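# Geometric and topological summary
These are the residues of each chain, in order.
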Amino acid sequence: MNAKDKLFYFFYLHRTGLTVLALSTLLIVWPLIVSNPYNLGLSNLIAIHVLVVLGLNLFIGYTGQISLGHAAFFALGAYGSALGSTTFGLPAWPVMILTALAVALIALTVGLPALKLSGHYLAMATLGFNIVVYTILIQWDTVTGGPSGFAGIPYLSIGGLVFDNEVRFHYLVWIFAMLCLLLSLNLVRSGVGRGLAALAEDETAAAVLGVDTRTAKVKVFVLSAVFASLAGSLFAHCYTFVSPDSFSIFVSVDFVIMVVVGGMGSIWGTLFGSALITLLPEWIEVLENYKDIVHGLILVLILLFMPRGLVSGIVEMVRTRIALSRQRHA
Amino acid sequence: MTSGAIYALIALGFCVVHNTMGIVNFTQVDFVSMGGMFMFTGLFWIGLPVPLALPAAVGIMILVGMAVERLGIRPSRSQNHLVLIFLTIGLSIILRGLMKLVWGKNRMAVPPLMGETPVRIAGASILPQALAILVITALAIGLLMLFFRCTRLGLAMRGVASNHNAAAIVGIRVGRVKAASFALAGGLGGLAGVLVTPITTLSYDVGVLLGLKGFAAAILGGFGSFPGAVLGGVSLGLLESLSAGYLSSAYKDVTAFVVLLLVLFIRPKGLLGR
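Throughout this description, residue numbers start from 1 for each chain and increase along the sequence as written. Note on labels: chains are lettered from A, ligands numbered from 1, in written order. Restriction of local features to residues with pLDDT of at least 70 applies here, the model being predicted, together with a cutoff of 80 or more for giving and counting side-chain atom pairs; totals for whole chains, interfaces and linings are based on all residues.

### Quick notes on the overall build of chain B
Note the threshold: Working definition: helices are DSSP H or I runs of at least four residues, strands are E runs of at least two. Numbering for both runs from the N terminus. The globule rule used here is 2.2 Å times the number of residues to the 0.38 power, and the radius of gyration it is set against is calculated over C-alpha atoms. Whether a residue is buried, exposed or partly exposed follows from its count of other C-beta atoms within 10 Å of its own C-beta, namely 20 or more, 12 or fewer, or something in between, respectively; the C-beta atoms are built from the backbone. With C-beta atoms placed from the backbone, a contact is any residue pair whose C-beta atoms sit within 7 Å.
When helices and strands are tallied, chain B shows 11 helices and 2 strands. Listed by position from the N terminus, the elements making up chain B come as α-α-α-α-β-β-α-α-α-α-α-α-α. Computed over its C-alpha atoms, the radius of gyration of chain B comes to 18 Å, within 12% of the 19 Å expected for a compact globule of 274 residues. Across its three principal directions, the C-alpha atoms of chain B cover 55 × 50 × 35 Å. Residues counted as buried form 50% of the 274 residues belonging to chain B. At a minimum sequence separation of 6, the contacts of chain B that also span at least 24 residues come to 72%.

Written out as structure tokens, the structure reads:
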């Protein structure tokens, strides 16, 4: 092995770590490159979506189940933090953790019965759960503020450092997002994660190989709900205002679109999918009336032609082209 | 009772597709609103009389159902249920977008099928629209049963439902059967939409909540079972009006989903599930 090969091997061996390092560096200098608060706000929103979609992608891609209710967990996180830190005046960080724990418990009660069944009962149970949460947010207006929303949520702070502008918040959310990304990357490569991958491929085979499929599904579901709850808390503290419109079932569907665009079961794809779908409305503002159709078309076309996501789909297409042209020249 | 009949129709649409393809078809939701839209178009843009506009709307919805299967589902040639279900979600978004584009976002009013003077039957007064819904739903369910028992296509569909591969081996064209199941689902959804929109007023997303409640009804009755779908729909409708009467009408929409979650807890196979 000569020096060049060694270098390539080094890159190949550490590809994940190096990509994480490169991404972190980019994120650290990002506020220096982009100073426009509006654009920074967009990238912060991407980070929040990444948090939710990471959990959802672990769940969809690694257990082969569908959740159409992640906006509900997102909502519970946001309103939990809002109520705890504003109405009850408790310190924000412990409230965030308590909310996440409560959401985990709720996810357990929703997921346990639905995941016992084979088939896609959970899709419906989560969808129903989302509608229940949404209706409560609107109807119980003495507590949640009703359709007009809940305002006056305090900013987060550590010591004297208050996260009250886009730049400060950028570092906060992306630290969360990167930590969850690292966690997911490591989870997927651990023994548990390999078991989950087997589960997504063929449930019976995985069970035969000794994967406890039922508890595995429930665990991942709860983990994804916790991610969504954290994202919700950050969302509430970032905008200091929440309203039920951010948590309808159509938001849940958007999260699912992000997963599919990025590629089911692809952790890196999550970043791409969240970024693309979050930015899309900015780019196609001209086509405001066609927004739904464009979203639907993207989902349908990707599923028809690249069921493994846009990134893997394009990479595979290029690989096939290269292999074909090599064969022709050989 | 009337909303129960509507839920039953929608639940039947879900069951038909579930039995032949094994997936949850989320476009069912939009078949309902679209049925109402075509009824509105037939009545006011073209000026058809009610007895003509109703079959026309249902007929168009049958075609739409077939088109959705042919253009949206079949080209994927995927056996992966996850991919197929997400496809129906995508198609449902597209259909909703199209409706928004063609008919706009405003709410529209569809007149009741048969006047507004209450009819008195055995001392109880009942709105003619409610009567029409019950009669037409019963008729549709009866026809559906005949279809499944006495026609070639109906029998073929039951064959595909019980075993996909075996049906293909004995020479049933599975693709055609799947298209037919979507057509049926479109027709049932469209009929539900035509019947319900005079009560609820019509808009592009009216079907979403109705459709999801229909789904809840299907699970309540045991997903995939036709008598279960009817029973589930009717009992859900009753439960809903009872809870609106005794508890709170603000949370009326929540009832269906709380019931759904409870059913999943206590008897996951539903009332009549195997």
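### Side note on the overall build of chain A
Along its length, chain A carries 15 helices and 4 strands. The globule rule puts the C-alpha radius of gyration for 330 residues at 20 Å, and the 21 Å found for chain A is close to it. Summarising its shape, the C-alpha atoms of chain A cover approximately 75 × 50 × 45 Å along the three principal directions. In chain A, buried positions account for 45% of the 330 residues. Within chain A, counting contacts between residues at least 6 apart in sequence, those at least 24 apart form 77% of the total.

### Describing the interface of chain A and chain B
The test is simple: Residues are grouped as follows: nonpolar covers Ala, Val, Leu, Ile, Met, Phe, Trp, Tyr, Cys and Pro; charged covers Asp, Glu, Lys and Arg; every other residue, Gly included, is treated as polar.
Facing 34 residues of chain A, the contacting portion of chain B comprises 36 residues. Going through the elements one at a time, helix 5 (92-116), helix 6 (121-139), helix 12 (249-262) and helix 14 (291-305) of chain A are the ones with two or more residues in the side of chain A that touches chain B. Ranked by residue count, the leading element in the side of chain A that touches chain B is helix 6 of chain A, at 11 residues. Across the side of chain A that touches chain B, the residue classes tally to 24 nonpolar, 8 polar and 2 charged.

### Focus on the packing of helix 5 of chain A against helix 6 of chain A
All names here are of chain A. Applied cut-off: Helix axes are fitted to C-alpha atoms over the stretch in contact, other axes to C-alpha atoms as well, and angles between N-to-C directions run from 0 to 180 degrees. These descriptions rest on fixed angle ranges, namely under 35 degrees for roughly parallel, over 145 for roughly antiparallel, 65 to 115 for roughly perpendicular, and the rest for oblique. Crossing handedness: left-handed means the near helix sits turned counterclockwise from the far one by under a right angle, and right-handed means the same turn made clockwise.
For the pair helix 5 and helix 6, the least separation of the axes is 8 Å and the interaxial angle reads 155°. One element, helix 5, and the other, helix 6, form an angle in the roughly antiparallel class. Crossing geometry of helix 5 relative to helix 6 is assigned as right-handed. Here Val110, Gly111, Ala114 and Leu115 of helix 5 come into contact with helix 6, specifically with Tyr121, Leu122, Ala125, Thr126 and Phe129. Classifying every residue of the contact of helix 5 with helix 6 by side-chain character gives 7 nonpolar, 2 polar and no charged.

### What about unusual backbone geometry?
The phi dihedral of Thr240 of chain A falls on the positive side, at around 55°, and the residue is not glycine. With 15 C-beta atoms counted inside 10 Å, the residue Thr240 of chain A sits in the partly exposed group.

### Some thoughts on the nonpolar core
For clarity, the cut-off: In these notes, a nonpolar core means any group of buried Ala, Val, Leu, Ile, Met, Phe, Trp, Tyr and Cys residues linked to one another through C-beta atoms within 7 Å.
Ranked by internal contacts, the top residues of the largest apolar core, which has 186 residues, are Leu51 of chain A together with Ala216 and Leu260 of chain B. For this core, the element with the most residues is helix 11 (residues 213-239) of chain A, which contributes 15 residues. Here Ala216 of chain B is in contact with Gly128 of chain A together with Leu236, Ala256, Phe257, Val259 and Leu260 of chain B, once residues within four sequence places are set aside.

### Considerations on helix 5 of chain A
Heads up, the condition is: By this rule the span expected of a helix is its residue count minus one, scaled by 1.5 Å.
Between the first and last C-alpha of helix 5 of chain A there are 36 Å, a value that for 25 residues agrees with the 36 Å anticipated at 1.5 Å per step. Along helix 5 of chain A, the positions that sit buried rather than exposed are Val95, Met96, Thr99, Ala100, Val103, Ala107, Val110, Gly111, Ala114 and Leu115 of chain A. Among the structural elements, helix 4 (70-87), helix 6 and helix 11 of chain A together with helix 11 (252-266) of chain B are those in contact with the buried residues of helix 5 of chain A.

### Some remarks on the confidence of the model for chain B
To keep things clear, this is the line we draw: What pLDDT conveys is the predictor's confidence in a given residue, as a value from 0 to 100.
With 95% of its residues at a pLDDT of at least 70, chain B reaches an overall mean of 82. Here the predicted complex scores 0.84 on pTM and 0.79 on ipTM.

### A few points about the environment of Leu98 of chain A
Assignment of secondary structure puts Leu98 of chain A in helix 5. Placed 178 residues apart in sequence, Leu98 of chain A and Leu276 of chain A show a C-alpha to C-alpha distance of 32 Å.

### What to know about the packing of helix 14 of chain A against helix 4 (residues 81-103) of chain B
In contact at an axis separation of 8 Å, helix 14 of chain A and helix 4 of chain B are set at 155° when each is read in the N-to-C sense. Looking at the two axes, helix 14 of chain A sits roughly antiparallel to helix 4 of chain B. In this structure, the crossing between helix 14 of chain A and helix 4 of chain B has a hand that is left-handed. Judged by residue contacts, Asp292, Ile293, His295, Gly296, Leu297, Leu299, Val300 and Leu303 of chain A of helix 14 of chain A engage Val83, Phe86, Leu87, Ile89, Gly90, Leu91, Ile93, Ile94, Arg96, Gly97, Leu98 and Lys100 of chain B from helix 4 of chain B. Here the residues of the contact of helix 14 of chain A with helix 4 of chain B are counted per class, giving 13 nonpolar, 4 polar and 3 charged.

### With respect to the environment of Leu98 of chain B
Among the structural elements, Leu98 of chain B can be located in helix 4. Overall, Leu98 of chain B belongs to the partly exposed group, with 18 C-beta atoms counted inside 10 Å.

### Brief notes about the environment of Phe215 of chain B
Assignment of secondary structure puts Phe215 of chain B in helix 9 (residues 206-221). Each C-alpha atom of the pair Phe215 of chain B and Pro112 of chain B lies 25 Å from the other, and the pair is 103 residues apart in sequence. In contact with Phe215 of chain B, not counting residues within four places along its chain, are Met124 of chain A together with Phe14 of chain B.

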